[in-house]
Structure formats: structure tokens, C-alpha cells
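Summary of structural features
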Amino acid sequence: MGAFDRTICDCCVCPMQCVMQKLVTRDVGIATAVSVTPVTINSVENFIANTSQGSFPICNVTAVGSIPPFDIDLNLKPVQKDIKGKCSCCEDPATNELQQLIGKEVDLEFIGGIAPFADGNIVTGKVSQVGEGILILSDLGITFSNAAISTCQITRIELN
């Protein structure tokens, strides 16, 4: 999973890097605050994803979508509660809420949740896994069949 040194990168950037490393050579969609770009991931290291469409600083990646479904073990980092900092006030509450919704269908709004990733900024799917900083949403029924979404980038969760 990589090294986590209890910094601001721990709650969302390190976990997203770990997910993206598992997706090297795969065709995915990378969502940022301003676009969704279809790419092939060539390599992921030092918090940069090198792709067929250029390099993406992982701190700006809000989600990664995939067709077909993730058929690999993503080994999400277990949830670890923080006692201070951004992870404590931003990521932990979203993670706590999502853990209660595993197996349920939700409407989820997140930064960068723009077409073709979602209908507007809303994506509907089943909460399949929740780890520190990452939510795996499946059964999306849109362009992507599933997505790894940074919980730091979620702006609304609604039980469907």
C-alpha cells in the first residue's frame, strides 16, 4: 500500500496513489475538478500518474472510473481515525457515513463528478468498499461501471 507518514497526503492522496498503481496499463477515466479524461495509466509514482494523455498530480484526482469493473484486489487501507487536521474534519466524517451505507445504493455528489462520469455532479451507485480516503462505488449504470472516489472530494451523500 505504500508508506503513510500521518501527513495531509495520508487521508486521500496516498490511498488514491495506491489504487492507481493497481490500475497501471488499464483504460480508465480520471476525474479532476475541471474535467474527466479517458486515459491509459502508464505508471504511478511520487504522487504523479503518467498516462497516455499526460501527467496528473494525484492530489488533484478526485476519482478514477473503470470499465469493466475492478477485477483486482485494491487492498484499500483500513480506516484510521485522525485526531487533528484536515483528515479529521473532512475525510473521517464522510468515511464514517459511508461505512454505514456499505451494500446500499446512494446518490453521491463529488468535486469533478462531471459527465461522462456522472449525471451533472451526481453519480448513483452501490457503496461496495470503504477504506481510508477511498470509496469504491459499483453498479454505476453510466459510462463507467465503477469508480474509486476520494472521500475528501465528496460534497453530498444521499441514500437512494
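Refer to the structure above for everything that follows.
Structure report, in brief. For clarity, every value in this text was computed on a predicted model and none was experimentally measured.

A few points about the overall build of the protein chain
Scanning the protein chain from N- to C-terminus turns up 2 helices and 10 strands. Across the protein chain, helices and strands are ordered from the amino to the carboxyl terminus as α-β-β-β-β-β-α-β-β-β-β-β. Taking all 160 residues of the protein chain together, 48% fall into the buried category. When the accessible surface of the protein chain is split by element, carbon and sulfur atoms take 52% of a total near 7,300 Å².

A short note on the pattern of salt bridges
Where charged atoms from two side chains of opposite charge come close, those side chains can pair. Tallying each qualifying case throughout the model produces 3 salt bridges. The partner of D139 in a salt bridge is K126, with the nearest N and O atoms 3.8 Å apart. Of this pair, D139 sits in the loop between β8 (134-138) and β9 (146-150) while K126 sits in strand β7 (residues 122-131), placing them 13 residues apart in sequence. What makes D139 exposed here is its relative accessible area of 53%. With relative accessibility at 32%, the residue K126 sits in the partly exposed group. Of the charged contacts, one joins R156 and E158 as a salt bridge, the two residues approaching to 2.9 Å between their closest N and O atoms. The exposure class of R156 is partly exposed, given its relative accessible area of 36%. Connected via shared salt-bridge partners are E109, R156 and E158.

Cut-offs and rules
- Residues numbered from 1 in each chain as written.
- Predicted model: local features only at pLDDT ≥ 70, side-chain atom pairs only at ≥ 80, totals over all residues.
- Heavy atoms only, no water.
- Helix = DSSP H or I, 4+ residues; strand = E, 2+ residues; numbered from the N terminus.
- Buried < 20%, exposed > 50% of the residue type's maximum accessible area, 1.4 Å probe, protein only.
- Areas by Shrake-Rupley, 256 points an atom, 1.4 Å probe, with all protein chains shown as cover.
- Salt bridge = Lys/Arg side-chain N within 4 Å of Asp/Glu carboxyl O.

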